[in-house]
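Tertiary structure, described
Spelled out, the chains give:
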Amino acid sequence: MDRQLTLMAVHAHPDDECLSTGGVFARYADEGIRTVLVTCTNGEQGDGPGGVKPGDPGHVAAEVAERRLAELRESVAHLGIDHLELLGYRDSGMDGWDTNAHPDAFANVPVDLAAGRLGELIKQYRPQVVVTYDETGGSGYNHPDHVQAHRITVAAVEATGVADKLYYTALPRSAMKRMFELVRSSGIDLGDFEPSDDFGTPDELVTAVVDVAPYVERKLKALRSHASQGDNIFLFQMPEEAQQQAFSAEAFTRVVNHVTAAPDQEDDLFAGLR
């Protein structure tokens, strides 16, 4: 039985949908493909009003979550995402924060429990294509919630057997090197951040690069929707040329493929499915 072409991406926090999948969301929505965003946490450990950091006076987790979810809905509208599903787990905070130990933190939820909830959504929407992070939470990011999102997505995809393809988001190492060279040449201060030579995804592991150049402005609008986290997004400081370079293509590593017609190297996540 034919089913509607559907893309599902599983992300950890409000705003994660923009950088690595905002373009494919907008592109495929425009092509009439159903798009589903699953956001695992409410983002409680983001910045509060005026940039107040978690743990500082004036940071109220529930209020931060409320604002971030409102920003998420605005971002979803810019990207044309059809369905937003919130798992509603508590943000664990960055790796090493005291909040990692909170019993309700997403990173501490039993994988089978969270994967079961995600599996129900997979059975409901029946996506041919599912996207999430790799085992490091996305090119070595290692945020506990990103790693947990990877774990539950892999488990849910395996348990349901619905998806034809599973992809991990990727940051091609060569593209990252070019981008940071452009950033440095523009005189932008990256603070203490100094990308290592092995930062990003080895180019040979990248199996799909999708052209999303026509959707750069929509990606930027979506990212700007998350205004409360603007201090954490250095891309806003980049010159337009660097923004175009960073935003005009999205890369992925295919790790599950049940589509014999799909080529080894793809420029379309739905290759072989149309």
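Use the structure listed above.
Description of the structure in this document. Computed from a prediction, not measured in an experiment: that's the story for all the values here. (Residues numbered from 1 in each chain as written. Predicted model: local features only at pLDDT ≥ 70, side-chain atom pairs only at ≥ 80, totals over all residues. Heavy atoms only, no water.)

1. Thoughts on the overall build of the protein
- Looking only at helices and strands, the protein has seven helices and seven strands in total.
- The C-alpha atoms of the protein give a radius of gyration of 18 Å, which matches the 19 Å a tight globule of 274 residues would have.
- Considered along the principal axes of its C-alpha atoms, the protein spans approximately 55 × 45 × 35 Å.
- Within the span of the protein, comprising 274 residues, buried residues form 53% of the whole.
- Looking at the protein alone, contacts between residues at least 24 apart form 78% of all its contacts between residues at least 6 apart.
- Just so you have it, the protein exposes about 12300 Å², and 49% of that area is on carbon and sulfur atoms.
- The average position of the 23 basic charges and that of the 44 acidic charges among the side chains of the protein differ by 5 Å. (Helix = DSSP H or I, 4+ residues; strand = E, 2+ residues; numbered from the N terminus. Rg over C-alpha atoms; globule rule 2.2 N^0.38 Å. Buried < 20%, exposed > 50% of the residue type's maximum accessible area, 1.4 Å probe, protein only. Contact = heavy atoms within 4.5 Å. Areas by Shrake-Rupley, 256 points an atom, 1.4 Å probe, with all protein chains shown as cover. Lys, Arg positive; Asp, Glu negative; His and termini not counted. Charge placed at Lys NZ, Arg CZ, Asp CG, Glu CD.)

2. Topic: the environment of V162
- Looking at the secondary structure, you find V162 in the loop between α4 (144-160) and β5 (165-170).
- Accessibility expressed as a relative area gives 8% for V162, which makes it buried.
- Note: C-alpha distance between V162 and D112 (50 residues apart in sequence) is 17 Å.

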